[in-house]
Amino acid sequence: MDQSSTLLAFPQVPEDRLRLALRRLEAALAEQAHAVAEFRSNLGALREATSDLATQVNHYNDTLDRTASQVSYAHQAARRLERTADRMVSMG
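A brief look at the structure comes next. (Residues numbered from 1 in each chain as written. Predicted model: local features only at pLDDT ≥ 70, side-chain atom pairs only at ≥ 80, totals over all residues. Heavy atoms only, no water.)

Notes on the overall build of the protein
What the protein contains, in helices and strands, is one helix and zero strands. The C-alpha atoms of the protein give a radius of gyration of 37 Å, which is well past the 12 Å a tight globule of 92 residues would have. Referenced to the eigenvectors of the C-alpha coordinate spread, the extents of the protein come out at roughly 115 × 30 × 15 Å. Here the protein holds 92 residues, and the buried ones make up 2% of them. Of the roughly 8,600 Å² that the protein leaves accessible, carbon and sulfur atoms contribute 59%. Here the protein contributes 11 positive and 12 negative side-chain charges, whose respective centroids are spaced 9 Å apart. (Helix = DSSP H or I, 4+ residues; strand = E, 2+ residues; numbered from the N terminus. Rg over C-alpha atoms; globule rule 2.2 N^0.38 Å. Buried < 20%, exposed > 50% of the residue type's maximum accessible area, 1.4 Å probe, protein only. Areas by Shrake-Rupley, 256 points an atom, 1.4 Å probe, with all protein chains shown as cover. Lys, Arg positive; Asp, Glu negative; His and termini not counted. Charge placed at Lys NZ, Arg CZ, Asp CG, Glu CD.)

Digging into the environment of Thr-6
Of note, Thr-6 is situated in the segment before helix H1 (14–91). Given a relative accessible area of 65%, Thr-6 falls into the exposed group.

Quick word on a nonpolar patch on the surface
Taken together, Leu-18, Leu-22, Leu-25 and Leu-29 make up a surface patch of nonpolar side chains, about 380 Å² in accessible area. Tracing the sequence through the fold places Leu-25 in helix H1. (Patch = residues over 30% accessible without salt bridge, like charges linked within 9 Å, V, L, I, M, F, W, Y side chains within 5 Å. Salt bridge = Lys/Arg side-chain N within 4 Å of Asp/Glu carboxyl O.)

Below, the structure is given as structure tokens:
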């Protein structure tokens, strides 16, 4: 066997096995508490990110609405100019 290897003896006394099991349970519960706290933190970050995204989408929709209005106005102005040009051609 390798000199650097160390065998850990499993406790033979029931009380020692119980203590070992309880220590492992406490360690697992601590890990779980840490994981739940991290999950909650990540959930908060996700909530903030989706809120920011919703704000950006609303801003984008407002910008699209304004752009659509401007395009409609430009289209109507172009049609008026076209009609004016047609009348001028027919006069001359």
